[in-house]
Amino acid sequence: MDTENSTFETTEMLADFLASTPLLSESWRLCNLATQNSPVGFVANQVGSIGYLAFSGTLFVSGSDPSFKNLVCLPERDGAGNHLFVPLHDKNEGEEPVMVQGALLRIFENMYSNPSFRNQISTLVEASKSVIFTGHSIGGTTASLAALWLLSHLQSNFANLSVLCITYGSPLLGNETLSRAILRERWGGKFCHVVSKYDLMPRILFAPLDTIGPHIKLLLKFWHLYMTSPQCGPLDVPRNEEFIVVIFQFVLSHLRGLVEAGEEAVTGMFRPFGNYLFCSGDGAICVDNAAAVIKMMYLLLETGSPSCSIEDHLKYGDNVGRISSQFLEKKSFMLGELPESRYEAGVALALQSLGISSQEPVAGPAEDCLQAARRMGRTPNLNCANLAIKLSKINPYRAEIEWYKALCDRSDDQMGYYDSFKQRGASKRDSKVNLNRHKLARFWDNVINLFESNQLPHDFHRHGKWVYSSQFYKLLVEPLDIAEYYRTGMHRSKGHYINHGRERRYQIFDRWWKGRNVRDEDNTRSKFASLTQDTCFWAKVEEARGLLDDVRSTRDQRHSALLWEKIDCFAIYAKTLVEAKEVSIDVVAKNSSYSLWLIDYNEMKLQMLQFRPQFSSFMNGEIVP
């Protein structure tokens, strides 16, 4: 990748797309209509193949906390058990729960419980190729939740519909876990938050507002009056009102603290997600990195004033009207002054789009912010590319293990892959395979460490290349790990493998594989699988062997009955896998652990039938491979 490429590649593409279409103007028109004229709090409209749903900016829940301070868990399902936001709860170990602002969630839940709302959504989905959710102010968070709900619904139903959410001056919605979950689902590009240069509302939840709750009430009352009463005439903000100054200074102070603290201050707090289109009278700039969004919010607010921060929340109509022409003009302005570096030129154009000249004190920090966003944006993808190179270098280790398996499965001793490794000697070939097993484990443990420390793309575990590579590794190597576990007697000191010895990486890869967005298909096999599809199958065989030993040693008939119930369950499960050919041919090898266990199992059942007729209720007949 050319190091001179613009930092604004994807974000500027989105901004150019919005600026060159009527999406911004139409969505803003509907936001105004919903705020001023809709008794139900939303307006739906169909324009060709595009369906719009706009939410009022004055939505309110009776009794909700005006300080907006309470974070609550985002529900997975509604009261009837229907899915709401299930995909967003597939979080990594150790992450906080997905949480959103409580009062804003209640507004959406009230909307969702309205049959008219869901009927309108169904109508739009059936008639449209694209659905756009939009909202101003608090209506923007309702639009975001509605978009997340529809995206979750479409994913579970494998529906193909384009969804976009455009908000104007929307407050923050949820915590960092929500932001990460949206990135993991690859939904970040479906959200565009338009933010005026000084608007206080998108920044207000960065501060703990419980101490200035009465001031927030006055501010919301002021905004709502102007939003619902266009006849009020020109906007006139009382510049000396104390509550405006208090809120402005309070939010600015906490934003400054967040920027100075960096990433350490994020945990448990509100976090941006999606793309942010910062706009002013001079143009607009689009940023998609959360840390850069926070810093840009602070730097822009620092150049404003208390009155500007209130006025800007009500000026989106003016800014939307300018964005298209301003974007076109910025393509050719200042041609004689642009730096030779394409990247530096991009930064200069971006800053001027926000009305920041190079002479202003804030210009330097703003430029640093954009440069940092570029580095942070590129680093995970570069790490991913480097991992791909390393993956190609370890493929020979995997190939040698595959070759070893093929030799074991064709061996005259007819023990198969698992038992050959478990009973291996000191040959050079066996030692090499064991060494390769350790090398592959180190590689995949490193992959997981990079992913969990946020050094890889947030949706890394959804990339087909890595999902299928990790699954193949698990299918090939975990049987060897199980063999080593029982070969060395670890089950005697720690317990059986599945609950006490299984490596964490395999559990993570299980989740990656189950998280694929694929339909269930009929995969009837005509021959045995190349690798046993249940990677813990051999651990279950070992447990079943232990259960048979326990049956032999117990004299308690009740305990024996419980043991036989477990043994029979495994026998039926194994028979099902074998008949469906979901196992590798080494499972049914003549001298494999499973084949020998099956002989032992059937002999013990026969003995019980002959000498212990009181156990006949546990006899299901002989099971053969």
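Look up a bit, the structure's there.
Residues numbered from 1 in each chain as written. Predicted model: local features only at pLDDT ≥ 70, side-chain atom pairs only at ≥ 80, totals over all residues. Heavy atoms only, no water.

## Some remarks on the overall build of the protein
Helices and strands together make up the secondary structure of the protein, namely 22 helices and 11 strands. Pairs at least 24 apart in sequence give 78% of the contacts found in the protein among residues at least 6 apart. Element-wise, carbon and sulfur atoms account for 51% of the exposed surface of the protein, whose accessible area totals about 28600 Å². (Helix = DSSP H or I, 4+ residues; strand = E, 2+ residues; numbered from the N terminus. Contact = heavy atoms within 4.5 Å. Areas by Shrake-Rupley, 256 points an atom, 1.4 Å probe, with all protein chains shown as cover.)

## Section: the environment of Ser411
Secondary-structure assignment places Ser411 in the loop between α13 (363-410) and α14 (416-422). We classify Ser411 as partly exposed; its relative accessible area is 26%. Among the polar contacts made by the side chain of Ser411, one reaches the side chain of Asp413 at a distance of 3.1 Å. (Buried < 20%, exposed > 50% of the residue type's maximum accessible area, 1.4 Å probe, protein only. Polar contact = N/O pair within 3.5 Å; in protein donor to acceptor, adjacent residues only side chain to side chain.)

## Considerations on the nonpolar core
Within the largest apolar cluster, 107 residues are counted, with the highest numbers of intra-cluster contacts made by Phe55, Phe133, Leu178 and Phe278. With 10 residues, helix α5 (residues 138-156) is the largest single contributor of residues to this core. Among the nonpolar cores identified, the runner-up in size contains 62 residues, and Tyr418, Ile448, Leu563 and Phe570 belong to it. (Core = buried A, V, L, I, M, F, W, Y, C linked by side-chain atoms within 4.5 Å.)

## Overview of α5
With 19 residues, α5 extends 28 Å between its outermost C-alpha atoms, agreeing within 8% with the 27 Å of an ideal straight helix rising 1.5 Å per residue. Among the 19 residues of α5, 17 are classified as buried, and the element is accordingly described as predominantly covered. (Expected span 1.5 Å × (residues − 1).)

## Considering the sheet that holds strand β5 (residues 130-136)
Here we have seven strands laid out as an open sheet, ordered β1-β2-β5-β6-β8-β10-β11, and mixed in their pairing. In this open sheet, the two edge strands, each paired with only one partner strand, are β1 (42-47) and β11 (283-287). The sheet shows a mean angle of 20° between the axes of neighbouring strands, taken without regard to direction. In this structure, strand β6 (residues 162-168) lies alongside strand β8 (residues 191-196), joined through four bridges in parallel fashion. (Pairing = 2+ DSSP bridges. Axes fitted to C-alpha atoms, helices over the stretch in contact; angles between N-to-C directions.)

## Here's the deal with the packing of helix α4 (residues 115-127) against α5
One way to put it is that α4 packs onto α5 with a least axis distance of 13 Å and a crossing angle of 60°. Classified by the angle their axes make, α4 and α5 are oblique. Considering only the axes of α4 and α5, their crossing is right-handed. Of the residues in α5, those in contact with Phe117, Arg118, Ile121 and Val125 of α4 are Ala146, Trp149 and Leu150. (Parallel < 35°, antiparallel > 145°, perpendicular 65-115°, else oblique. Left-handed = near helix turned anticlockwise from the far one by under 90°.)

## Side note on the environment of Cys286
If you trace the backbone, Cys286 turns up in strand β11. Residues Cys286 and Val194, 92 residues apart in the sequence, show an inter-C-alpha distance of 8.9 Å.

## Brief notes about the pairing of β11
Burial analysis of β11 places five of its five residues in the buried class, the great majority of the element. With burial as the criterion, each face of β11 is covered, one bearing Gly283, Ile285 and Val287 and the other bearing Ala284 and Cys286. As judged from the five bridges shared by strand β10 (residues 275-280) and β11, these two strands associate in the antiparallel manner. When the sheet's bridge partners are listed, Tyr276 is paired in β11 with Val287.

## Concerning the environment of Ile401
Relative to the helices and strands, Ile401 resides in helix α13. Distance from Ile401 to Arg429, taken between C-alpha atoms, is 9.9 Å for residues 28 residues apart in sequence. Not counting residues within four places of it along the chain, the set of residues in contact with Ile401 comprises Tyr417, Val433, Asn436, Arg437, Leu440, Leu476, Val477 and Leu480.

## Focus: the packing of aromatic side chains
This model, assessed by the stated rule, comprises 37 aromatic pairs. Ring geometry for Trp444 and Phe509: centres 5.3 Å apart, planes at 80°, overall edge-to-face. Note that Trp444 is positioned in helix α15 (residues 428-452) and Phe509 in helix α19 (residues 504-514), a separation of 65 residues in sequence. Like Trp444, the residue Phe509 is buried in the burial classification. (Phe/Tyr/Trp six-rings, centres within 6.5 Å; stacked < 30°, edge-to-face > 60°.)

## As for the pattern of salt bridges
Applying the stated criterion across every chain yields a total of 26 salt bridges. A salt bridge links Arg77 to Glu76; the nearest nitrogen and oxygen atoms lie 3.7 Å apart. Taking relative accessible area as the criterion, Arg77 reaches 40% and is therefore assigned partly exposed. With a shortest N-O distance of 3.2 Å, Lys605 and Asp568 are connected by a salt bridge. On the criterion of sequence distance, the pair formed by Lys605 in helix α22 (residues 593-611) and Asp568 in helix α21 (residues 557-579) is long-range, its members being 37 residues apart. Here Lys605 falls in the buried class, since its relative accessible area comes to 6%. Because the salt bridges share partners, they merge into one network encompassing Arg437, Asp445, Asp481, Glu503 and Arg505. (Salt bridge = Lys/Arg side-chain N within 4 Å of Asp/Glu carboxyl O.)

## Points about the side chain of Arg505
Along the chain, Arg505 falls in helix α19. Polar contacts involving the side chain of Arg505 include one to the side chain of Asp445, which spans 3.2 Å. Leave out the neighbours within four places in its chain, and Arg505 touches Ala441, Trp444, Asp445, Ile448, Tyr473 and Asp481.

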